[in-house]
Amino acid sequence: MLCLRINRLLINETSSSVSVSKFDSFRSIGPGIVIAATGVGAGDLIAASVSGARFGTTILWAAVIGAIIKYVINENLARWQLVTGTTLLEGWIQKLPRFVAIYFLLYLLLWSFIVAGALISASGLAAHAIFPSVSVAAWGVIHSVAAVLIVWFGGYRHIERIMKVLIALMFIVVLVCAALLLPDAGELFRGIFLPSLPDGSIVFVLGVIGGVGGSVTVMSYGYWIREKRWQGSEYIKQCRTDLSVAYILTGLFGLSVMIIAAGVRPEVVQGSKMILAVADHLESRVGEYGSWLFLAGFWGAVFSSMIGVWDGIPYLFTDFVYSSKRKTAVVEVDSYAKTPYYRAYLLYLAVPPMLLLPLGKPVWIVVMYSVAGAFFMPFLAVLLIYMNNRRDWLKTFRNGYIMNAVLLVSILLFSYLLFEKTLRYL
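Quantities reported herein were computed from a predicted structural model and do not represent experimental measurements. Chains are numbered independently. Their residues run from 1 in the order of the written sequence. Reporting in this predicted model follows two pLDDT cut-offs: at least 70 for local features of residues, and 80 or more for side-chain atom pairs to be given and counted; totals over whole chains, interfaces and linings ignore these cut-offs and use all residues. Only hydrogens and water are set aside; all other atoms, that is, all heavy atoms of the structure, feed into the side-chain values.

Some points on the overall build of the chain
Part 1 of the argument: In terms of helices and strands, the chain carries 18 helices and zero strands.
Part 2 of the argument: Considering the chain as a whole, with its 426 residues, one finds that 61% of them fall into the buried category.
Part 3 of the argument: In short, Shrake-Rupley with a 1.4 Å probe defines the accessible areas, and a residue's cover is counted only from the protein chains shown. Carbon and sulfur atoms make up 66% of the accessible area of the chain, which totals about 16,800 Å². Helical segments are the DSSP runs of H or I of at least four residues, strand segments are the runs of E of at least two, and each set is numbered from the N terminus. Burial here depends on accessible area, computed with a 1.4 Å probe over protein chains only, as a share of the maximum for the residue type. Under 20% is buried, over 50% is exposed, and the range in between is partly exposed.

Pasting the structure below:
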């Protein structure tokens, strides 16, 4: 498995000696499934669909690179937390200048509004494609309310079970659809293992790399592993296994969507009927069941992403509030979901962004979501390089050379993507 091999190269040998004999690694997998289901959403589908329609299978390699970069970022985040005993956000508040945490809070408030609006719109679009008798706006409201109820009353264990069902639906369906349209082995091999940049493809390549696996949502992983009681450096190997499974699935999803969209007319996938265009393409190739399979997979991807955001992002706001009080043990991190701060932020995600629905431009809202995400990844990668190379903070678990190289490459890629998207849409 690609990510499992990379593990041996990315981290110092001294950090790989931890023992995990006290648990069965694969039976314990859970937070990785949740982060994969959360990270694969409307933005990924749009980026992969547009790229597949424009360039076919020639830039499949971008989905692989994107999955590797997001794996590295999330592994850094998890390793920081397991070694230091503090979440990454707590580390920012306790060890870095105050403006870092303030910038993040302001960004989080704006990002949450835009992303929540995008997810409400996209879930409405997905359901409307299947049941067009109900409007996009009505379906969006229904999904948002349903996600609130699941998070409010469910608890992490129930959410993990729901996410496993949804990710099974979306991945099996999309993989089956891709298998039905699979190109010949030589074309597939060249697209994945022989990187090329067709004319005009650089922005789309970066969009696929940046879109795979989410943005701010990666920080939710630290809270989900707390819910699983994964604490201490002995769980580093467990998290690597968990994240490897997550990003292998994420990479396969991106590859599959690009393969499915290859052959769709590029101008069609730009508008609000993008999903129907891809579904119609499948129907023309494999029959009516292919269209329904894709629509079901699209719905599963978007709704699982909504549940993950509704559950994971309020942890960040709650952590900021309690950590900023600079008191010890104000409240346990794994009890955050029961606090008024968490539930207030959950409602902030679910209700005010509904104001974007009357705009009637669900795809435009999702594009703004991807632009907002581009502002965060360079910021996160820079801080991870600084914090995870400090010997006095991480000791023998600090980054290795290859890990730092991947983070540096991600900074360059995300910075270019930020620059390009800012010029295009602002």
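Still to come is the rest of the account.
Examining helix α14 (residues 340-350)
Part 1 of the argument: Within the span of α14, buried status applies to Tyr342, Tyr345, Leu346, Leu349 and Ala350. Viewed along the axis of α14, the buried residues span an arc of 140 degrees, placing them on a single side of the element.
Part 2 of the argument: The inward-facing, buried residues of α14 abut α6 (98-130), α7 (136-180) and α13 (288-324). In this context, the arc is that of the directions from the helix axis out to the C-beta atoms. The contact criterion used throughout is that any non-hydrogen atoms of two residues lie within 4.5 Å.

Concerning the pattern of salt bridges
Part 1 of the argument: Here, a salt bridge means any Lys or Arg side-chain nitrogen found within 4 Å of an Asp or Glu carboxyl oxygen. Counted according to the given criterion, the structure contains five salt bridges.
Part 2 of the argument: We note a salt bridge from Arg79 to Glu75, for which the minimum N-O separation is 3.0 Å. Note that Arg79 and Glu75 are positioned in helix α4 (residues 61-84) at a spacing of four residues, about one turn of the helix. Just as Arg79 is buried, Glu75 falls in that class too.
Part 3 of the argument: The partner of Asp392 in a salt bridge is Arg390, and the shortest N-O contact between them spans 2.8 Å.
Part 4 of the argument: A residue is classified by how much of its surface remains accessible, and Arg390, at 24% relative accessible area, is partly exposed.
Part 5 of the argument: Linked through salt bridges whose partners overlap, the residues forming this network are Glu75, Arg79 and Arg240.

Description of the nonpolar core
Part 1 of the argument: Of all hydrophobic cores here, the largest spans 137 residues; its most connected members are Trp92, Met219, Trp310 and Phe376.
Part 2 of the argument: When residues of this core are assigned to their parent elements, the largest contribution, 17 residues, is made by α13.
Part 3 of the argument: Each residue touching Phe376, except ones within four places of it in the same chain, is listed here: Trp92, Phe104, Tyr107, Ser215, Val216 and Met219. Nine residue types can take part in a nonpolar core, namely buried Ala, Val, Leu, Ile, Met, Phe, Trp, Tyr and Cys, and a core is a set of them joined through side-chain atoms within 4.5 Å.

Describing the packing of helix α2 (residues 31-39) against α7
Part 1 of the argument: Angles here are taken between N-to-C directions and fall from 0 to 180 degrees, while the axes themselves are lines fitted to C-alpha atoms, restricted in helices to the stretch in contact. One way to put it is that α2 packs onto α7 with a least axis distance of 9 Å and a crossing angle of 60 degrees. Our classification of the angle between α2 and α7 gives oblique. Crossing handedness for the pair α2 and α7: left-handed. Residues Pro31, Ile33, Val34, Ala36, Ala37 and Thr38 of α2 form the contact with α7, whose participating residues are Tyr156, Glu160, Met163, Lys164 and Ile167.
Part 2 of the argument: Split into classes, the residues belonging to the contact of α2 with α7 amount to eight nonpolar, one polar and two charged. Should an angle lie under 35 degrees it is considered roughly parallel, over 145 roughly antiparallel, and from 65 to 115 roughly perpendicular; all remaining angles are considered oblique. Rotating anticlockwise by less than a right angle from the far helix to the near helix defines a left-handed crossing, while the corresponding clockwise rotation defines a right-handed one. Under this grouping Gly is polar, as are all residues other than the nonpolar Ala, Val, Leu, Ile, Met, Phe, Trp, Tyr, Cys and Pro and the charged Asp, Glu, Lys and Arg.

Observations concerning the packing of aromatic side chains
Part 1 of the argument: Centres within 6.5 Å are what make two rings of Phe, Tyr or Trp a pair, Trp counting through its six-membered ring; a difference in plane orientation under 30 degrees is then read as stacked, over 60 as edge-to-face, and the rest as tilted. In the structure shown here, the tally under the stated rule is 20 aromatic pairs.
Part 2 of the argument: Aromatic pair Phe317 and Tyr345: ring centres 4.7 Å apart, planes at 20 degrees, arrangement stacked. With Phe317 in helix α13 and Tyr345 in helix α14, the pair connects residues that are 28 residues apart, well separated along the chain. No difference in accessibility class separates Phe317 from Tyr345, as the two residues are buried.
Part 3 of the argument: Centre to centre, the rings of Phe376 and Phe379 are 6.0 Å apart; their planes meet at 45 degrees, and the pair counts as tilted.
Part 4 of the argument: Aromatic rings pair up to connect Trp92, Tyr103, Phe104, Tyr107, Phe376 and Phe379 into one cluster.
Part 5 of the argument: Whether a charge sits over a ring comes down to the Lys NZ or Arg CZ being within 6 Å of the ring centre and within 35 degrees of the ring normal. One residue, Arg390, lies across the ring of Trp393, its end atom 4.0 Å from the ring centre.

Brief notes about the confidence of the model for the chain
Low pLDDT means the predicted atomic positions in that stretch should not be read closely.
Part 1 of the argument: Scored from 0 to 100, pLDDT records how confident the predictor is in each individual residue. Per-residue pLDDT for the chain averages 82, and the proportion of residues at 70 or more is 83%.
Part 2 of the argument: Mean pLDDT across the elements of the chain ranges from a minimum in helix α1 (residues 2-10), with 48, to a maximum in α14, with 96.

Observations regarding the packing of α2 against helix α11 (residues 236-261)
Part 1 of the argument: At a closest axis distance of 8 Å, the pairing of α2 and α11 adopts a crossing angle of 30 degrees. Put simply, α2 runs roughly parallel to α11. Remark: the crossing between α2 and α11 carries right-handed chirality. Taking contact as the criterion, the partners of Pro31, Gly32, Ile33, Ile35 and Ala36 in α2 are, on α11, Asp242, Leu243, Val245, Ala246, Tyr247, Leu249 and Thr250.

Some thoughts on unusual backbone geometry
Part 1 of the argument: The phi dihedral of Arg229 falls on the positive side, at around 65 degrees, and the residue is not glycine.
Part 2 of the argument: Of note, Lys395 is a non-glycine position whose phi angle comes to about 55 degrees, a positive value.
Part 3 of the argument: Among the structural elements, Lys395 can be located in the loop between α17 (391-394) and α18 (401-425).
Part 4 of the argument: Given a relative accessible area of 52%, Lys395 falls into the exposed group.

A few points about a nonpolar patch on the surface
Part 1 of the argument: Residues qualify for a patch when their relative accessible area is over 30% and they have no salt bridge, like charges being joined within 9 Å and the nonpolar side chains of Val, Leu, Ile, Met, Phe, Trp and Tyr within 5 Å. Together, Val141, Val145, Leu149 and Phe153 make up an exposed nonpolar region whose accessible area comes to about 380 Å².
Part 2 of the argument: Structurally, the position occupied by Val141 is in helix α7.

Quick word on the environment of Phe294
Part 1 of the argument: Structurally, the position occupied by Phe294 is in helix α13.
Part 2 of the argument: Given a relative accessible area of 1%, Phe294 falls into the buried group.
Part 3 of the argument: On a C-alpha basis, the gap between Phe294 and Val176 in space is 9.2 Å, while along the polypeptide they are 118 residues apart.
Part 4 of the argument: If near-sequence neighbours (up to four positions away) are discounted, Phe294 is found in contact with Val173, Cys177, Ile260, Ile275, Val278, Ala279 and Leu282.

Things to note about the environment of Ala118
Part 1 of the argument: Take Ala118: it is sitting in helix α6.
Part 2 of the argument: For Ala118, a relative accessible area of 0% gives the class buried.
Part 3 of the argument: On a C-alpha basis, the gap between Ala118 and Val302 in space is 9.9 Å, while along the polypeptide they are 184 residues apart.

Observations regarding the side chain of Glu227
Part 1 of the argument: Among the secondary structure elements, Glu227 is positioned in helix α10 (residues 221-227).
Part 2 of the argument: At 2.5 Å, the side chain of Glu227 forms a polar contact with the side chain of Tyr315. Throughout this description, a polar contact denotes any pair of N or O atoms lying within 3.5 Å of each other; where both atoms belong to protein, one of them has to be capable of donating a hydrogen while the other can accept it, and for residues adjacent in sequence the pair is counted only when both atoms sit in side chains.

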